Amino acid sequence: MSKLIIAKFGGTSVADFDAMTRCADIVLADENIRVVVVSASSGVTNLLVDITKTTEVQQRYDAYAGIEQITLNVLNRLQQPHSVAAQIELLLGELKALIENGGAVYSSAHKDLIQSFGERLSSVLFTQVLLERGSAALCFDVRRIMRTDSRFGKAEPQIQQLAELAAIHLQPLLVEQRIVTQGFIGADEFEQTTTLGRGGSDYSAALLAEALQAATVQIWTDVVGIFTTDPRLTSDARCIREISFDEAAEMATFGAKVLHPATLLPAMRQNIAVFVGSSREPQAGGTWIAKDVKERPPYRAIALRKAQTLITVKSPAMLHAPGFLTRVFDTLSRHQISVDLVTTSEISVALTLDQGGMTSAFSSNVEPALDELRTFCEVSVEEGLSLVAVIGNHLHSSKGVSGELFSTLERINMRLICHGASKHNLCFLVQDSDGPAVVKQLHQCLFAA
Ligand code: ADP
Ligand code: ASP
Ligand code: MG
């Protein structure tokens, strides 16, 4: 049986030289960690996004200067900076050329190419950190194997091709050394750089684990595991030591930023255990996510996702007429709009869109879709809403779930409620301004010791 471990280190874990040193300690402590996936150093991807968003050349240079500073701060702390200085200079030069010759607006292909520099820089630096600590290590360009489609900004990995390419190009290298590679990025069939969506490095690590048939994926981040809710929302949040794939996947889908929403799909397909821990406090343990868990409590966690849009579509003419829902969803699907929550009545449908999680390419599809809906029904749009999801087990068949919820939140305007379709979640919408307080209140009610 495979003992291979894929370890992924997030942005804060590789934020600077000292943080990278702590990650190196974790890697060196376990011979089975043969593949290391790194994110861009904290702040770098945001600066790269700034470059792609602004049309002001000076603002692009300011963002570039920030990235250069973060990079050089690590480089200058290395024992042998000259070993990687040329590689780093090449990458920074390439990025600068993209700024110089960028024109007013970048194409979506260029945006992804620009956003790839964060992981490409941090992986070169982290490889050198490992080498200086005495580990044989090689920086591997993941774009050689992470084949995706060409949906820039949210590219879809091609699982079969990834597995074949990894077997040829990556697997043989693991015998001799550790491999350091990039999260978040890939390449399409034309060798154009793509990205998997913000926070995508977790997903990359799980995809590589699947392709290499690893035993475990470790997600090293800035919290000591998965909590009952985002620990930034309430100090009452508690670390969950063991959680099932289904529950953790629901948490990630509904906004628990600690995992990219798609991370657990490859792990579930291959039954690969996932560990989440803090690179600052590896001794503190963490959360194990697995297929079978000892306990399945009714309430496991609460997640919050901001920036939701509620669309209500109404057509009195459709009373008792068949085909209304088909027409609504067909319109949305042709505009590639993915719907989140749905509730219906005889003549109206209310549905939510996760605008916060959409790339700009997809959000630009929303208006044309709404215009088409307006040709056959009344459409109203409400923004500034937050989705609160209570995650657990058998929520659809447990007594008292809604009673507990409604009595806790009796003073809150719940805009839409979805309950019953899934045994793992109960979701509702509130105003963005109420979101954090609702989570805190609900957490106190459901998780008080
Ligand atoms: P990384 O850069 O390592 O990928 P992220 O910032 O993407 O880290 O994810 C870690 C953050 O996720 C934490 O700092 C925490 O605020 C947030 N978070 C949201 N929900 C949860 C949760 N249920 N448990 C733990 N962390 C959570
Ligand atoms: N660097 C990318 C981001 O900030 C991917 C990641 O960190 O997972 O979104
Ligand atoms: Mg993340």
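Residues numbered from 1 in each chain as written. Chains lettered and ligands numbered in written order. Predicted model: local features only at pLDDT ≥ 70, side-chain atom pairs only at ≥ 80, totals over all residues. Heavy atoms only, no water.

For the chain, an unreviewed UniProt entry supplies the name Aspartokinase and the organism Alishewanella agri BL06. Quoted verbatim from the Sequence similarities (unreviewed entry) field of the UniProt record, the comment on the chain reads "Belongs to the aspartokinase family." Taken verbatim from the UniProt record of the chain, the Catalytic activity (unreviewed entry) comment is "L-aspartate + ATP = 4-phospho-L-aspartate + ADP". (UniProt positions renumbered as here; feature names shortened; annotations may be inferred.)

**Student:** Can you walk me through the site of ligand 2 in this structure?
**Tutor:** Near ligand 2 you find Ser39, Ala40, Thr45, Glu119, Phe184, Arg198, Gly199, Gly200 and Ser201, and these make up its full shell. One nitrogen or oxygen atom from the side chain of Glu119 is found 2.6 Å from a nitrogen atom belonging to ligand 2. Contact distances for ligand 2 include 3.4 Å between an oxygen atom and a backbone N or O atom of Gly200. Residue composition of the shell around ligand 2, grouped by class: 2 nonpolar, 5 polar and 2 charged. (Near = heavy atom within 4 Å. Polar contact = N/O pair within 3.5 Å; in protein donor to acceptor, adjacent residues only side chain to side chain. Nonpolar A, V, L, I, M, F, W, Y, C, P; charged D, E, K, R; others polar.)

**Student:** How should the pattern of salt bridges be read in this particular structure?
**Tutor:** Where side chains of opposite charge bring their charged atoms close, a pairing between them can arise. This model, assessed by the stated rule, comprises 19 salt bridges. As a salt-bridge pair, Asp25 and Arg133 come within 2.6 Å of each other at their nearest N and O atoms. Taken together, the residues span a long stretch of sequence, with Asp25 in helix α1 (residues 17-28) and Arg133 in the loop between α6 (117-132) and β3 (137-140) at a distance of 108 residues. Across the pair Glu210 and Arg269 runs a salt bridge, and its minimum N-O distance is 2.7 Å. Taken together, the residues span a long stretch of sequence, with Glu210 in helix α8 (residues 201-211) and Arg269 in helix α10 (residues 264-270) at a distance of 59 residues. Overlapping salt bridges bring together Glu31, Arg34 and Arg178 as one network. (Salt bridge = Lys/Arg side-chain N within 4 Å of Asp/Glu carboxyl O. Helix = DSSP H or I, 4+ residues; strand = E, 2+ residues; numbered from the N terminus.)

**Student:** Please explain unusual backbone geometry as it appears in this structure.
**Tutor:** Residue Glu191 is not a glycine yet carries a positive backbone phi of 65 degrees. Relative to the helices and strands, Glu191 resides in the loop between β5 (185-187) and β6 (193-195). Judged by its relative accessible area of 70%, Glu191 falls in the exposed class. (Buried < 20%, exposed > 50% of the residue type's maximum accessible area, 1.4 Å probe, protein only.)

**Student:** Can you help me understand the pairing of strand β11 (residues 299-314) in this one?
**Tutor:** Moving residue by residue along a regular strand, the side chains alternate between the two faces of the sheet. Along β11, 12 of the 16 residues are buried, which leaves the element largely enclosed by surrounding structure. Inspection of the sheet shows β11 paired to strand β14 (residues 378-392) by 12 bridges, in the antiparallel sense. Bridging from a neighbouring strand, Leu304 pairs with Val388 of β14. (Pairing = 2+ DSSP bridges.)

**Student:** Looking at this model, I keep getting lost on the packing of aromatic side chains. Mind explaining?
**Tutor:** By convention here, two paired aromatic rings are described through the distance between centres and the angle between planes. Considering all chains together, one arrives at 3 aromatic pairs under this definition. Ring geometry for Phe9 and Phe126: centres 6.0 Å apart, planes at 45 degrees, overall tilted. Taken as a pair, Phe9 in strand β1 (residues 5-9) and Phe126 in helix α6 lie far apart in primary sequence, 117 residues in all. You can call Phe126 buried: its relative accessible area is 0%. Three or more aromatic residues joined by ring pairs make a cluster, and in this case those are Trp220, Phe275 and Trp288. Across the ring face of Phe117, the terminal group of Arg120 is positioned such that the distance to the ring centre comes to 4.3 Å. The cationic tip of Arg327 hangs over the ring face of Phe376; the distance from NZ or CZ to the ring centre is 4.1 Å. (Phe/Tyr/Trp six-rings, centres within 6.5 Å; stacked < 30°, edge-to-face > 60°. Lys NZ or Arg CZ within 6 Å of the ring centre and 35° of its normal.)

**Student:** So what exactly am I meant to see when it comes to the site of ligand 1 here?
**Tutor:** Taken together, 17 residues lie around ligand 1, and Thr221, Asp222, Asp230, Arg232 and Lys257 are the ones closest in. Between Asp230 and ligand 1, the recorded distance is 2.8 Å, taken from a side-chain N or O atom to an oxygen atom. Arg232 is positioned such that a nitrogen or oxygen atom in its side chain is 2.8 Å from an oxygen atom of ligand 1. Protein contact buries 90% of the 570 Å² of open area that ligand 1 shows by itself. When grouped by side-chain class, the residues that make up the shell around ligand 1 number 7 nonpolar, 5 polar and 5 charged. (Areas by Shrake-Rupley, 256 points an atom, 1.4 Å probe, with all protein chains shown as cover.)

**Student:** Could you clarify how one ought to interpret the UniProt feature "binding site: substrate" (unreviewed entry) in the chain in this entry?
**Tutor:** UniProt records the feature "binding site: substrate" (unreviewed entry) for Thr45 and Glu119 in the present numbering. Separation in sequence by 75 residues is not matched in space for these annotated residues, since their most distant C-alpha atoms are only 8.5 Å apart. Inspection of the secondary structure puts Thr45 in helix α2 (residues 44-53). Classification of Thr45 by relative accessible area gives buried; the value is 10%. If we ignore the near neighbours within four places in the chain, the residues touching Thr45 are Ala40, Glu119, Phe184 and Arg198. Taking relative accessible area as the criterion, Glu119 reaches 3% and is therefore assigned buried. (Contact = heavy atoms within 4.5 Å.)

**Student:** Explain the side chain of Lys8 to me, please; I cannot follow it from the model alone.
**Tutor:** Relative to the helices and strands, Lys8 resides in strand β1. Not counting residues within four places of it along the chain, the set of residues in contact with Lys8 comprises Val37, Ser39, Ser201, Asp202, Ala205, Gln218, Ile219 and Trp220.

**Student:** Please explain the environment of Lys291 as it appears in this structure.
**Tutor:** Considering the arrangement of structural elements, one finds Lys291 in the loop between β10 (286-290) and β11. When neighbours within four sequence positions are excluded, Lys291 is seen to be in contact with Ser244, Phe245, Asn271 and Arg296.

**Student:** Mind showing me how you'd approach the UniProt feature "domain: Aspartate/glutamate/uridylate kinase" (unreviewed entry) in the chain here?
**Tutor:** Here, the residues flagged by UniProt with the feature "domain: Aspartate/glutamate/uridylate kinase" (unreviewed entry) are residues 3-277. In this annotation, residues 3-277 is assigned 45% helix and 15% strand; the end-to-end C-alpha distance for the span is 19 Å.

**Student:** Sorry if this is basic, but what is going on with the nonpolar core here?
**Tutor:** One recurring pattern in soluble globular proteins: nonpolar side chains tend to sit buried together. Counting residues in hydrophobic clusters, the biggest one holds 58 residues, and the most contacted among them are Ile6, Ile145, Leu264 and Ile289. With 6 residues, α8 is the single largest residue contributor to this core. Not counting the four nearest positions on each side in its chain, Ile289 is found in contact with Ile226, Ile243, Ser244, Phe245, Ala248, Leu259, Leu264, Ala273, Val274 and Val276. (Core = buried A, V, L, I, M, F, W, Y, C linked by side-chain atoms within 4.5 Å.)

**Student:** How should I be thinking about the state of the cysteines in this particular structure?
**Tutor:** One way to say it: the disulfide is the covalent bond shared by the sulfur atoms of two cysteines. All chains considered together, the criterion is met by 0 disulfides. Not engaged in a disulfide, the cysteine Cys139 finds its nearest cysteine sulfur in Cys23; these two sulfurs lie 15 Å apart. By relative accessible area, Cys139 is classed as partly exposed at 27%. A disulfide-free cysteine, Cys445 has its sulfur positioned 17 Å from the sulfur of Cys427, the nearest such atom. (Disulfide = S-S within 2.5 Å.)

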